[in-house]
Amino acid sequence: MKISFTKPGLPETGVLVVMGYEGGELSESAKAIDKVINGSLARAAKIAKFKGKLGELVSVLAPQGTKLERIVLIGTGKPEKLDLLGAEKLGGTIYMALSAKQPRTVSIAFDQFDEGESRVWEQAAHIANGALLRSFRFDKYRTKEEADKKPSIRALKILTPSGGRARKAFEQLEKVAGGVFLTRNLVSEPANILYPESFANICQELTELGVEVDVMGEAEMKKLGMGALLGVGQGSDRESKMVTMRWNGQQGKGRKAQSTQIAFVGKGVTFDTGGISIKPAAGMEDMKWDMGGAGAVTGLMKALASRKANINVVGVIGLVENMPDGQAQRPGDVVTSMSGQTIEVINTDAEGRLVLADALTYTQKEFAPKTVINLATLTGAILVSLGNERAGVFANDDELADRLKAAGEKTGDKVWPFPMDAAYDEQIKSQIADMKNTGGRFGGSITAAKFLERFIEKETTWAHIDIAGMAWSQADKPTCPKGGTGYGVRLLDQLVADYYEG
Ligand code: BES
Ligand code: MN
Ligand code: ZN
């Protein structure tokens, strides 16, 4: 789908989308086309009781006196209240409504509604971004799909004043969307295709964008003492890997240019059977996306490198497959992490924290970043508390939690902060080791975070984001078809842009 921005003016063919505001008033373009077709659009709106609510749709097919295929009236809600997320939703809704109708060309007339506050070019860019995000498809394994079921839109034209500025803004958004799509693809791949080594190979492709990629295998990780991560992978025939991706985009500034300002760490369990503490069969297929944290970090690195972010960042992902076999880790085993701390593995299904423990230690030892943010599909308990609306944030620094909150509201990748009281530590005390890897049923997401905190050095500003409820969606959303969501890429790209870049 080719997306372009042009000056207002009514197209002669294809599908024309025009806006209607809350209360039912038509936009200037809507009024103009309505005149051409003798008032049929206004009549259709009336018959359909069109109120102009955000996303509301009315269609006129084969409008007489034109060569258009259809005219679609879409509600914007109150135009002065249309924020950038609303504009994205609008674009996604238009795409969703039309893609099933087989048009080739869709023109969206987005008029200036008031001279004051509204930045029409920015809204126009976000309409395009919403359509782009909604157009994602993971269809590589569908060999028998009929042609008329496939999306047909070849060209999407946004007709708007300041099209040049809109295009410029969209070009940046498009780069971030490229990162989101990489994450969605990674999360969607089945575990027979995406396993630690093949995942690492995909990361290698980022070198084309100027990212330095380094892959460690088990021998090297063993030398570094990563007993926690290696214990998880030891029941799998697939070799565990750790991938480091570095983007050194900070310009000039001498010695400072060498240092890593921020690090992102991801849980990459390419399949989580639970190990010897095996999971029930029903729904286990979902555990192919237990690498959602690593997927988000990889997509984020792509986004940052694509838009040449003015910052030095490192992404580190721990890639393992959690399988039960004769070599597998047993409940009760004690492992020694890279930090030197010992862990009693009560439940082999609480494996993500074991992987992250070593990835976090490695990241801090190797790169000494001031700030570390990790993402993980860590606990089922976060689904109990937050459902599929927000990820949980657990931080040792309120300012960082606030920044994540703000970036979340802006991008729609929303978060909610959780407490980190010292008292929760009681629940992960072990009889025989420094800690155990489960804290019982109560406050399960918090005790998991408290476990991770033990691998954070005093001087590191840190946040853990539990994305178990967000990495995958069972339902279509305006800017995301059901499946892998790419959650986290936009959140962290925005965080970097607003607080760390430059
Ligand atoms: N990968 C799961 C968490 C998960 C659950 C992610 C549902 C996505 C959807 C994690 O490894 C896990 O199994 N956690 C256990 C921890 C428990 C054994 C302490 C859980 O949440 O049940
Ligand atoms: Mn598990
Ligand atoms: Zn897991």
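Residues numbered from 1 in each chain as written. Chains lettered and ligands numbered in written order. Predicted model: local features only at pLDDT ≥ 70, side-chain atom pairs only at ≥ 80, totals over all residues. Heavy atoms only, no water.

## Considerations on the domain arrangement of the protein
And then number 1: Splitting the protein by domain gives domain 1 (2-161) and domain 2 (176-499).
And then number 2: A C-alpha centroid distance of 38 Å is found between domain 1 and domain 2.
And then number 3: In this complex, domain 1 contributes 15 residues to the contact, which on the side of domain 2 involves 20 residues.
And then number 4: Interface of domain 1 and domain 2: buried area, both sides summed, is about 1,400 Å²; carbon and sulfur atoms make up 65% of it.
And then number 5: Connecting domain 1 to domain 2 are three salt bridges.
And then number 6: Linking domain 1 with domain 2 are five residue pairs in polar contact (both at pLDDT 80 or more), by the criterion used here. (Domains from an automatic or database assignment. Contact = heavy atoms within 4.5 Å. Buried area = accessible area lost by both parts, 1.4 Å probe. Salt bridge = Lys/Arg side-chain N within 4 Å of Asp/Glu carboxyl O. Polar contact = N/O pair within 3.5 Å; in protein donor to acceptor, adjacent residues only side chain to side chain.)

## Here's the deal with the sheet that holds strand β8 (residues 241-248)
Sheet strands associate in pairs through backbone hydrogen bonding, adopting either a parallel or an antiparallel arrangement.
And then number 1: Strand order in the open sheet formed by eight strands is β7-β8-β10-β9-β13-β17-β14-β15, and the pairing between neighbours is mixed. The open sheet has two edge strands with one neighbour each: β7 (212-216) and β15 (415-417). Within this sheet the neighbouring strands show an average axis-to-axis angle of 20 degrees, counted without direction.
And then number 2: In the packing of helix α6 (residues 196-204) onto the sheet, the strands contacted are β7, β8, β9 (262-272) and β10 (312-322), and the crossing angle to β10 comes to about 160 degrees. (Pairing = 2+ DSSP bridges. Helix = DSSP H or I, 4+ residues; strand = E, 2+ residues; numbered from the N terminus. Axes fitted to C-alpha atoms, helices over the stretch in contact; angles between N-to-C directions.)

## Concerning the site of ligand 1
And then number 1: Near ligand 1, the surroundings consist of 18 residues, among which K279, D290, D349, E351 and G380 are the closest.
And then number 2: At 2.8 Å, a side-chain N or O of K279 approaches an oxygen atom of ligand 1.
And then number 3: E351 places a polar side-chain atom, nitrogen or oxygen, 2.8 Å from an oxygen atom of ligand 1.
And then number 4: Among the residues forming the shell around ligand 1, the class breakdown is six nonpolar, five polar and seven charged. (Near = heavy atom within 4 Å. Nonpolar A, V, L, I, M, F, W, Y, C, P; charged D, E, K, R; others polar.)

## Regarding the coordination of the zinc ion (ligand 3)
And then number 1: Protein coordination at the zinc ion (ligand 3): the donors are K267 (NZ), D272 (OD), D290 (OD) and E351 (OE), at 2.0 to 2.4 Å from the metal.
And then number 2: Here the zinc ion (ligand 3) binds six donor atoms, and the angle range of 78 to 176 degrees at the metal identifies the geometry as octahedral. (Donors = N, O, S within 2.8 Å, 3.2 Å for Na, K, Ca; no water. Tetrahedral: all angles 85-135°; square planar, octahedral: opposite > 155°, others 65-115°.)

## A look at helix α3 (residues 84-99)
Think of an α-helix as 3.6 residues a turn; residues three or four steps apart then line up on the same face.
And then number 1: Over its 16 residues, α3 runs 22 Å from end to end, which matches the ideal 22 Å to within 8%, given 1.5 Å per residue.
And then number 2: For α3, every residue scored as buried is listed here: G86, A87, E88, L90, G91, G92, T93, I94, Y95, L98 and S99.
And then number 3: At its buried positions, α3 is contacted by β2 (15-20), β4 (70-75), β5 (105-109), α4 (120-134) and α14 (489-500). (Expected span 1.5 Å × (residues − 1). Buried < 20%, exposed > 50% of the residue type's maximum accessible area, 1.4 Å probe, protein only.)

## Re the coordination of the manganese ion (ligand 2)
And then number 1: The manganese ion (ligand 2) binds to the protein through D272 (OD), D349 (O), D349 (OD) and E351 (OE), with metal-donor distances spanning 2.0 to 2.2 Å.
And then number 2: Coordination of the manganese ion (ligand 2) draws on donor residues from a single chain, spaced D-x76-D-x1-E in sequence.
And then number 3: Separating the manganese ion (ligand 2) and the zinc ion (ligand 3) is a distance of 3.1 Å, and D272 donates to both of them. Taken together, the residues D272 in strand β9 and E351 in the loop between β12 (342-345) and α10 (352-367) connect sequence positions 79 residues apart.
And then number 4: The buried category is assigned to D272, whose relative accessible area is 3%.
And then number 5: Residue classification places E351 among the buried residues on the basis of a relative accessible area of 1%.

## Comments concerning the sheet that holds β4
And then number 1: Taken in spatial order, the six strands make up an open sheet running β1-β6-β5-β2-β4-β3, and their pairing is mixed. Unpaired on one side and paired on the other, β1 (2-6) and β3 (57-61) mark the two borders of the sheet. When the angles between neighbouring strand axes are averaged without regard to direction, this sheet yields 20 degrees.
And then number 2: As paired strands, β1 and strand β6 (residues 155-159) are joined by five bridges and run parallel to one another. Across the sheet, the residue bridging to S4 is K157, located in β6.
And then number 3: The sheet contacts of α4 involve β1, β5 and β6, and relative to β1 the element is tilted by about 165 degrees.

## Quick word on the packing of helix α5 (residues 163-188) against α14
And then number 1: Interaxial distance between α5 and α14 falls to 9 Å at its minimum, and their mutual angle equals 145 degrees. Crossing hand, α5 versus α14: right-handed. Every residue of α14 that contacts α5 at V176, G179, V180 and T183 is listed here: V489, R490 and D493.
And then number 2: A breakdown of the residues in the contact of α5 with α14 according to their chemical character gives three nonpolar, two polar and two charged. (Left-handed = near helix turned anticlockwise from the far one by under 90°.)

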